[in-house]
Every structure is written in C-alpha cells, then in structure tokens.
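# Results of the structural survey
Listed below are the residues making up each chain.
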Amino acid sequence: MQAELETYLQGLHSGQFRAKGPASSQPGATPQENVAQHAKGLKARPISHADDGSGLQPSDISEREPGALPQAGMGCAVGAQFTTGLIVPKEKIAANGDYNLSGERYREGGAKTNIFPLVKLSEVCTVNPRKSQLTEKPETRVSFVPMADLNEHRISFQPSDEKQLSEVSASYTYFEDNDVLLAKVTPCFENGKAGIARGLLNGIGFGSSEFYVLRSNGQVLPEWVYFCVMHPLFREAAVARMTGTGGLQRVPRDYVENFQIPLPPLEVQKEIVAEIEGYQKVINGARAVLDHYRPHIPIHPDWPKRNLGSLAENLDSRRVPITKGDRKEGPFPYYGASGVVDHVTDFIFDEDILLISEDGANLLARSTPIAFAVSGKCWVNNHAHVLKFAEPATQKFVEVYLNSISIEDFVTGAAQPKVNQEALNRIPIPIPNDITTQQAIVAEIEAEQALVAANRELITRFEQKIQATLARIWGEASEAGK
C-alpha cells in the first residue's frame with residue numbers, strides 16, 4: 001500500500017497520473033465504491049483527453065505547476081474527492097434549479113458501518129398521502145393542527161382545534177393517526193418541530209401546508225421514523241440542502257424521500273423504541289420540574305411589613321445607558337430590564353447587587369423573573385433598578401418574594417409598563433427582623449434550587465443515552481478507506 005501511494009504521488013506531481021474516478025457516464029462514485037477502491041489500494045492510470053468534448057481535461061495539469069489540480073467543472077474526474085474540496089457533476093448542481101455552490105450541500109460523508117440494511121424513507125413510508133383516499137362526508141369533524149401545536153424535540157403534541165372536513169380539505173395538509181409530521185420550513189425545521197399524530201378526531205387531521213407527512217407502510221414503527229428524522233445525520237444534511245430564499249427556505253421533498261435509514265426487524269424496533277421512551281420519560285419528568293418549580297416563601301402573619309426602600313440602598317444614580325452603536329464588545333456583561341443584553345469593555349459595578357426590572361411588558365406578563373441577583377463586574381443600563389443590601393440573606397429573601405407576587409398595583413403606563421423608583425420603594429415586604437430566620441429560609445430555598453438545577457444535568461445525560469442508543473443502530477461513521 002505504501003509503495004502504491006508513493007507511485008501515485010510521484011505520478012500526480014509529474015502530471016502523468018490522476019486518481020481513477022468513475023467513467024464519464026457515471027453520476028459519481030458511491031461510498032461503497034470509494035471503500036472498495038481504498039480496500040484494493042490506490043490505482044492510477046495515464047491522463048487522456050476525453051472524447052465527449054466536455055472542455056478542459058485533466059491532461060492540462062501538465063501545463064500548470066506540479067501537483068496543481070484542475071478546477072471543479074473543468075473536466076475533472078467526475079466523483080473524485082480531495083481533502084480540501086469537492087468535485088460535483090454539473091447535472092447534480094443544476095438538479096434543483098438554484099445552482100447552490102455550498103460544498104456541504106453535496107458532501108456525501110464517510111462510509112458507514114451499519115448492522116442493519118439501509119432503505120430510502122420512500123420505500124417504507126408514503127410521503128404526503130393523497131387526500132383522494134378519504135371517504136368521509138364533508139361535514140365530518142376533524143382535528144386541525146397549526147404549526148404552533150407541534151412541539152420542539154417532543155414526540156407528542158395536542159391538536160388545538162377542530163374543523164369540518166369541507167373547511168380544510170382543499171388548502172391544508174392531510175394526515176391520520178400514527179402519521180409522523182415533520183416541519184419542512186425554516187426556522188421550524190431547525191428548531192426541531194416534529195411529532196406523531198395521536199388521538200385525532202375521527203382519526204383524521206389537517207394542518208399547516210409546511211408539514212411533511214410520513215405514513216408507515218407497516219415495515220417501520222411511527223416512533224422509529226420519528227427518531228430517524230430527528231437524528232443529526234438527517235437534520236444536518238437537510239439544512240445544507242434547503243432551497244428557497246431569505247427566511248422561507250424548505251427541505252426538498254426528494255431529500256426526505258431518498259434519505260436512507262436503518263431498517264431493523266420490527267421486534268428490534270420495538271425494543272429500541274421502548275428503551276428510548278424509558279429515557280424520554282425521565283427527561284420529561286425533569287423538564288416538568290424545571291417548568292413548574294417556583295421558589296416560595298410561606299409568610300408568617302406576625303412578620304412586620306417593611307417598604308423595600310428601607311431594606312436596601314438604591315444605586316440607580318450610578319447607572320449609565322450606552323446606545324447599541326456606541327458599545328464596544330468586551331468581557332463584562334451589560335444588563336437591561338430582563339438580564340444580559342450585551343457585553344462591553346468596561347464596568348461600573350463590582351459587588352453583589354439585586355437588579356429589578358424598571359420597564360417592559362414582562363412587569364405584567366411575568367414570563368421571566370423581574371428580580372435577579374448579579375455579582376462581580378458588570379454594567380447596568382437605565383432599564384433596571386439597582387439595589388444594594390447589607391445582608392446577602394435579605395437580598396435573596398427579597399428576590400424570591402418579588403418574583404412570587406404581582407406588582408401590578410405599582411406599575412404605571414399602558415403602552416410601556418414602568419415601575420419608577422418612588423413606586424419601587426413603596427412595595428411592602430413581609431420579612432422577619434431576625435437575620436438568623438432570614439438565613440434559614442434562604443438556605444432552604446437554595447437547597448431546593450440546587451436539586452432543581454440537577455434536573456438540567458439529568459436531561460443532558462439522558463439525551464446522551466438516547467443518542468448513544470441510536471448510534472448503535474446507525475453505525476459509526478468512518479472515513480472511507482480506514
């Protein structure tokens with residue numbers, strides 16, 4: 001093998017040889033052919049001019065610097081691949097009519113070792129079943145699924161609406177129970193919107209025209225199809241092959257139909273699905289904890305109520321807003337009403353402080369916390385109040401309490417809700433005078449939050465278990481020839 005490689009390289013630099021590719025009538029070498037070529041050793045042959053008149057031929061290398069390679073589309077061996085680029089047949093580039101020149105779009109990837117046969121999705125699924133097979137009456141009630149109903153990276157979803165068949169049959173995408181729905185348009189595809197239709201009204205659903213519907217022909221479980229189209233091998237290549245312009249690019253149908261997936265026996269599929277669903281239940285439970293946990297302080301009726309202004313020093317006068325155009329990127333966080341909005345080159349605070357939103361819709365919506373602790377060097381603009389507390393326990397107590405109550409009575413302005421400094425200072429806080437009691441309450445809350453935070457690590461670990469399970473079936477990618 002080493003002798004052949006040296007011979008090949010010498011020939012390449014002298015202009016006498018080139019890597020042997022497929023014949024001019026072939027569309028390109030397959031991964032299997034590439035593996036076979038490397039398994040047998042590198043082969044070389046003298047360069048000759050093609051007879052098809054296709055343009056500049058590989059023999060013209062001799063007129064360039066030693067070792068120079070011809071440009072793509074200039075008569076190179078069709079299907080030949082080099083470590084720094086790709087040579088792609090012009091017919092393949094023109095196939096979709098958009099002449100996309102992104103190399104990743106056409107990269108086939110390395111050879112893969114699969115323990116189960118690979119089949120095209122179109123061989124085991126019908127893509128977008130025809131509506132003509134419906135026999136139900138026009139007045140039949142069916143489920144309606146807009147794009148918003150489809151969850152991100154979650155296999156199940158709940159239809160939000162129902163309509164008469166006659167209302168939706170002309171313009172919307174048709175599907176039935178156990179069909180897999182896959183968002184095909186950006187950014188929904190990249191965000192992981194997909195799921196399996198279950199519990200549809202009369203077993204029938206209609207939804208967004210931006211869905212692909214994948215219906216198993218019995219050789220694959222719907223869950224197996226879902227896991228395959230959620231796999232990085234499917235999704236990363238799909239993004240590279242999207243067509244369209246601007247923010248409305250779509251995954252081509254022929255990509256979905258021709259993508260190859262492993263086909264284990266149904267019994268093996270059931271075992272794999274059961275294993276993954278077990279992991280997913282743990283993930284779902286951990287997500288439920290993260291979604292629903294809110295720290296809460298049980299208020300004792302004997303605690304005195306103190307205005308917030310009497311508990312902390314207000315540092316709003318030290319705030320300095322910087323317009324976006326004047327900010328220079330740096331290492332220090334730049335805070336606004338709801339958290340970090342940028343990073344800048346300097347800081348104006350270097351201490352433990354509590355920031356409280358001064359304005360914004362979130363003062364009423366409360367989709368994110370309005371009070372958040374900050375430590376260390378940072379910059380704060382004039383959209384967040386800055387409070388300094390003498391005791392860390394008091395700061396934490398106030399933070400948790402403010403995030404658990406409504407402050408609507410202290411908000412002014414309809415178009416732009418705002419809590420001014422005077423209103424902030426008036427907010428009553430029921431709090432024990434004893435610092436030891438405050439510390440005990442805060443310690444309990446922090447212990448709870450540590451347990452909740454552990455759920456994030458649990459999610460990460462079990463998502464890795466799912467990927468490892470799928471990797472066993474897909475096989476490990478390897479470079480051709482290794």
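Residues numbered from 1 in each chain as written. Predicted model: local features only at pLDDT ≥ 70, side-chain atom pairs only at ≥ 80, totals over all residues. Heavy atoms only, no water.

### A few points about the side chain of aspartate 179
- Among the structural elements, aspartate 179 can be located in the loop between strand 10 (173-176) and strand 11 (180-183).
- Excluding its chain neighbours within four sequence positions, the residues that come into contact with aspartate 179 are Gly195, Ile196, Ala197, Val213, Leu214 and Arg215. (Helix = DSSP H or I, 4+ residues; strand = E, 2+ residues; numbered from the N terminus. Contact = heavy atoms within 4.5 Å.)

### Focus on helix 12 (residues 392-404)
- For helix 12, built from 13 residues, the straight-helix expectation of 18 Å at 1.5 Å per residue is met to within 8% by its first-to-last C-alpha distance of 19 Å.
- Of all 13 residues in helix 12, 10 are buried; the element is thus mostly enclosed.
- For helix 12, the full list of buried residues reads Ala393, Thr394, Gln395, Lys396, Phe397, Val398, Glu399, Val400, Tyr401 and Leu402.
- At its buried positions, helix 12 is contacted by strand 21 (353-357), strand 22 (371-374), strand 25 (428-430) and helix 14 (435-474). (Expected span 1.5 Å × (residues − 1). Buried < 20%, exposed > 50% of the residue type's maximum accessible area, 1.4 Å probe, protein only.)

### Describing the pairing of strand 18 (residues 332-336)
- In terms of burial, strand 18 is a largely internal element, five of the five residues being buried.
- Neither face of strand 18 is left uncovered, since the one carrying Phe332, Tyr334 and Gly336 and the one carrying Pro333 and Tyr335 both have all their residues buried.
- Alignment of strand 18 against strand 19 (residues 339-344), held across five bridges, turns out to be antiparallel. Note that in strand 19 the partner of phenylalanine 332 across the bridge is valine 344.
- Between strand 18 and strand 19, which pair antiparallel one after the other, the connecting turn spans two residues.
- Across two bridges, strand 18 lies against strand 23 (residues 377-380) in parallel orientation. Among the inter-strand pairings, tyrosine 334 is bridged to a residue of strand 23, identified as tryptophan 379. (Pairing = 2+ DSSP bridges.)

### What about the confidence of the model for the protein?
- Considering every residue of the protein, the mean pLDDT works out to 81; 75% of them sit at 70 or more.
- Ignoring residues within four places in sequence, the model shows residues 15-86, a span with pLDDT below 50, making 88 contacts including any to other chains.
- For the stretch residues 477-482, pLDDT sits under 50, and the model shows eight contacts to residues farther than four places along the chain or on other chains. (pLDDT = per-residue confidence, 0-100.)

### Overview of the sheet that holds strand 7 (residues 125-127)
- As summarised here, the arrangement of the four strands in space is 7-14-11-12, forming an open sheet in which the pairing is antiparallel. For this open sheet the edge positions go to strand 7 and strand 12 (194-196), each flanked by a neighbour on one side alone. In this sheet, neighbouring strand axes are inclined to one another by 20° on average, regardless of whether the strands run parallel or antiparallel.
- The sheet strands contacting helix 7 (residues 222-229) are strand 7, strand 11, strand 12 and strand 14 (211-216), and the helix crosses strand 12 at an angle near 175°. (Axes fitted to C-alpha atoms, helices over the stretch in contact; angles between N-to-C directions.)

### Examining helix 10 (residues 266-292)
- The terminal C-alpha atoms of helix 10, which comprises 27 residues, lie 37 Å apart, in line with the 39 Å expected from a rise of 1.5 Å per residue.
- Buried residues along helix 10 sit against helix 7 and helix 14.

### Things to note about the packing of aromatic side chains
- For the structure shown, the criterion picks out 12 aromatic pairs.
- Lysine 163 extends its terminal NZ or CZ atom over the ring of phenylalanine 144, reaching a point 5.2 Å from the ring centre.
- The ring of phenylalanine 462 has lysine 465 lying over it, and the distance from NZ or CZ to the ring centre is 5.6 Å. (Phe/Tyr/Trp six-rings, centres within 6.5 Å; stacked < 30°, edge-to-face > 60°. Lys NZ or Arg CZ within 6 Å of the ring centre and 35° of its normal.)

### Looking at the sheet that holds strand 20 (residues 349-350)
- The mixed open sheet is built from four strands, whose spatial order is 19-18-23-20. The strands lining the two open edges of the sheet, one partner per strand, are strand 19 and strand 20.
- For strand 20 and strand 23, the ladder comprises two bridges, and the chain directions are antiparallel. Among the inter-strand pairings, phenylalanine 349 is bridged to a residue of strand 23, identified as cysteine 378.

### Some details on the pattern of salt bridges
- Tallying each qualifying case throughout the model produces 16 salt bridges.
- Where arginine 327 meets aspartate 342, a salt bridge forms, and the shortest distance between an N and an O atom there is 3.1 Å. Of this pair, arginine 327 sits in the loop between strand 17 (313-314) and strand 18 while aspartate 342 sits in strand 19, and the two are 15 residues apart along the sequence.
- Judged by its relative accessible area of 24%, aspartate 342 is partly exposed.
- Taking the shortest distance from any N to any O, the salt bridge between arginine 426 and glutamate 422 comes out at 2.7 Å. Taken as a pair, arginine 426 and glutamate 422 lie in helix 13 (residues 421-426) at a separation of four residues, close to a single helical turn.
- The class for glutamate 422 is partly exposed, based on a relative accessible area of 47%. (Salt bridge = Lys/Arg side-chain N within 4 Å of Asp/Glu carboxyl O.)

### Quick notes on the environment of arginine 319
- Within the secondary structure, arginine 319 is located in the loop between strand 17 and strand 18.
- Take arginine 319: its relative accessible area is 16%, and that puts it in the buried class.
- Discounting residues that sit within four places of it in the chain, arginine 319 has contacts with Ile348, Phe349, Glu358, Val380, Asn381, Asn382, His383, Ala384, His385 and Val386.
- Side-chain polar atoms of arginine 319 contact the backbone oxygen of asparagine 382, separated by 3.5 Å. (Polar contact = N/O pair within 3.5 Å; in protein donor to acceptor, adjacent residues only side chain to side chain.)

### Re the nonpolar core
- Counting 43 residues, the largest nonpolar core has Leu121, Leu214, Trp224, Phe234, Val251, Val256 and Ile261 as the members making the most contacts within it.
- In contact with leucine 214, other than residues within four places in its own chain, are Cys125, Thr126, Val127, Asp179, Val180, Val225, Val229 and Val256.
- Listed in part, the 30 residues of the second largest apolar core include Ile297, Ile407, Val419 and Leu424. (Core = buried A, V, L, I, M, F, W, Y, C linked by side-chain atoms within 4.5 Å.)

### Some thoughts on the packing of helix 12 against helix 14
- Helix 14 packs onto helix 12 with a crossing angle of 60° between their chain directions and a minimal axis gap of 9 Å. Classed by the angle they form, the pair helix 12 and helix 14 counts as oblique. Judged by the twist between their axes, the crossing of helix 12 over helix 14 is left-handed. Of the residues in helix 14, those touching helix 12 at Ala393, Thr394, Lys396, Phe397 and Val400 are Ile435, Gln438, Gln439, Ile441, Val442, Ile445, Glu446 and Gln449.
- Across the contact of helix 12 with helix 14, the residue classes tally to seven nonpolar, four polar and two charged. (Parallel < 35°, antiparallel > 145°, perpendicular 65-115°, else oblique. Left-handed = near helix turned anticlockwise from the far one by under 90°. Nonpolar A, V, L, I, M, F, W, Y, C, P; charged D, E, K, R; others polar.)

### What to know about the environment of isoleucine 322
- The topology assignment puts isoleucine 322 in the loop between strand 17 and strand 18.
- The exposure class assigned to isoleucine 322 is buried, which follows from its relative accessible area of 17%.
- Sequence separation between isoleucine 322 and valine 344 is 22 residues, and the spatial gap between their C-alpha atoms is 9.5 Å.

### Focus: the packing of helix 7 against helix 10
- Between helix 7 and helix 10, whose axes approach to 9 Å, the crossing angle comes to 65°. The interaxial crossing formed by helix 7 with helix 10 has left-handed handedness. For the pair helix 7 and helix 10, contact is made by Glu223, Trp224 and Phe227 and by Gln269, Ile272, Val273, Ile276 and Glu277, respectively.
- Across the contact of helix 7 with helix 10, the residue classes break down as five nonpolar, one polar and two charged.

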